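One-letter residues, chain by chain:
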Amino acid sequence: MVSEYTVKAPMDMDLLILSDLHSMDFGEGQRELLDMVDALSFDVILMPGDIFDDKVDDAKGYEFVDGIKKYKCYYILGNNEIISGKAELHMKKLASMGITVLDDGKAIYKADDKQVEIWGFRDRHPWRMKDYAAHVAKRLDADTDFNDYRIVLSHKPLTKDQFKDINADLIIAGHAHGGQWRLPPVNNGVFAPNQGIFPKYAGGVYEANGRYEVVSRGLARGLKLVPRLNNPPEIVLLHLRK
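Nothing here was measured: the structure is a model prediction, and the numbers come from that model. Throughout this document, residue positions are counted from 1 along each chain, in the order its sequence is written. At least 70 in pLDDT is required for a residue's local features to be given in this predicted model, at least 80 for side-chain atom pairs to be given and counted, and no such filter applies to totals for whole chains, interfaces and linings, which use all residues. Water and hydrogen atoms play no part in the side-chain values, which are based on all heavy atoms of the structure.

Novice: Describe the side chain of Asp20, with residues and values.
Specialist: Note on conventions: DSSP H or I runs of at least 4 residues are helices, E runs of at least 2 residues are strands, and numbering of each starts at the N terminus. When you line up the elements, Asp20 lands in the loop between strand 2 (13-17) and helix 1 (31-38). Separated by 3.5 Å, the side chains of Asp20 and His22 make a polar contact. As used in this structure description, the phrase polar contact means that two N or O atoms lie within 3.5 Å; if the pair is within protein, one of them must be able to donate a hydrogen and the other to accept it, and residues adjacent in sequence are counted only when both atoms belong to side chains.

Structure representation (structure tokens):
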């Protein structure tokens, strides 16, 4: 499914968020998923981690990336890519395919007459997210060449208390898989890794102090011992509008 959201920004820009594929199979040549991407209109693709998995074969992940490399794409490492021991291999191979790999650094994208910073931070230990948020804040504050708009890719979602004071306009995250089971009236899922039961940040748009976080429910059909329920794989189309 395609979920569309709109947030206010100083320029018009359309972001396609593709997260947590975990090298799942979407048909021959990944066409089922790639056809959905090709049918949409957007400026850039943002991939906040776990395109690959630590146990599933990498072939379908690379097959998918090969199908989207014609677009301007930005990628960060997720926890499973680090756990796999293949983090450096994935970054090197994706960079060779033309993907912009962000590893605690930034790239600049021009939208309208605005300079947009796109930052990316590799995933950190799940029980040290406060330390991770402090690291992100410190890294951003140290960069004095601030442009018109700042986007941060973070694999794990930050809480409102963590992102409200970070010097960024927009956080893009994944990891939570939509809370795995989505049962009415629990709109944000039943369980998410590192958040536990009834997670607060499992999918959607969150706002604090005029800053936004968008969390993708991810692309994996179902993984390991916990299949999805009422929670289909998700592509997020995020509209930034004046």
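Novice: Would you mind going over the sheet that holds strand 4 (residues 73-75) in detail, with residue names and values included?
Specialist: Note: two strands are recorded as paired if DSSP finds a minimum of 2 bridges between them. Reading across the sheet, the 6 strands line up as 1-16-2-3-4-5 and stay open at both edges, with mixed pairing between neighbours. If you trace the sheet from one side to the other, it starts and ends with strand 1 (2-8) and strand 5 (100-101), each paired once. Bridge analysis of strand 1 against strand 16 (residues 235-241) gives 7 bridges, and the strand direction is parallel. Within the sheet, the bridge partner assigned to Val2 lies in strand 16 and is Ile235. Whether two residues are in contact is decided by their heavy atoms: any pair within 4.5 Å suffices. Here the axes come from fitting lines to C-alpha atoms, over the contacting stretch only for helices, and the angles between their N-to-C directions go from 0 to 180 degrees. Across the sheet, helix 1 touches strand 1, strand 2, strand 3 (44-47) and strand 16, and the angle it forms with strand 16 is around 15°.

Novice: I'd love a proper account of helix 4 (residues 87-96), names of residues and values included.
Specialist: Categorising residues by exposure relies on relative accessible area from a 1.4 Å probe, with only protein chains included: less than 20% of the type maximum marks a residue as buried, more than 50% marks it as exposed, and the intermediate range marks it as partly exposed. Of all the residues in helix 4, the buried ones are Ala87, His90, Met91 and Leu94. Buried residues along helix 4 cover an arc of 95° about the axis, so they all sit on one side. Counted as exposed and oriented over 90 degrees from the buried face of helix 4: Glu88, Leu89, Lys92 and Ser96. Of the surrounding elements, those touching the buried residues of helix 4 are helix 2 (59-68), strand 4, helix 3 (79-83) and strand 5. In the stretch just after helix 4, Gly98 is the one whose phi turns positive, near 95°. Note: the arc covers the axis-to-C-beta directions of the helix.

Novice: Go over the pairing of strand 8 (residues 149-154) with me, naming the residues and quoting the values.
Specialist: Counting buried positions along strand 8 gives 6 out of 6 residues, so the element sits mostly inside the fold. The side-chain alternation of strand 8 yields two buried faces, one formed by Tyr149, Ile151 and Leu153 and the other by Arg150, Val152 and Ser154. Where strand 7 (residues 114-121) meets strand 8, 6 bridges bridge the pair, whose relative direction is parallel. Note on strand 8: the bridge partner recorded for Gly120 is Leu153.

Novice: Describe the packing of helix 1 against helix 2, naming the residues involved and giving the relevant values.
Specialist: At a closest axis distance of 10 Å, the pairing of helix 1 and helix 2 adopts a crossing angle of 25°. Considered as vectors, helix 1 and helix 2 are oriented roughly parallel to each other. As for how helix 1 packs across helix 2, the hand of that crossing is right-handed. Each of Leu33, Leu34 and Val37 in helix 1 lies in contact with helix 2, whose residues at this interface are Phe64, Gly67 and Ile68. Along the lines of polarity and charge, the residues of the contact of helix 1 with helix 2 split into 5 nonpolar, 1 polar and no charged. Reported orientations rely on four angle classes, namely roughly parallel under 35 degrees, roughly antiparallel over 145, roughly perpendicular from 65 to 115, and oblique for the rest. Two helices crossing with the near one rotated counterclockwise from the far one by less than a right angle form a left-handed crossing, whereas a clockwise rotation gives a right-handed crossing. Residues are grouped as follows: nonpolar covers Ala, Val, Leu, Ile, Met, Phe, Trp, Tyr, Cys and Pro; charged covers Asp, Glu, Lys and Arg; every other residue, Gly included, is treated as polar.

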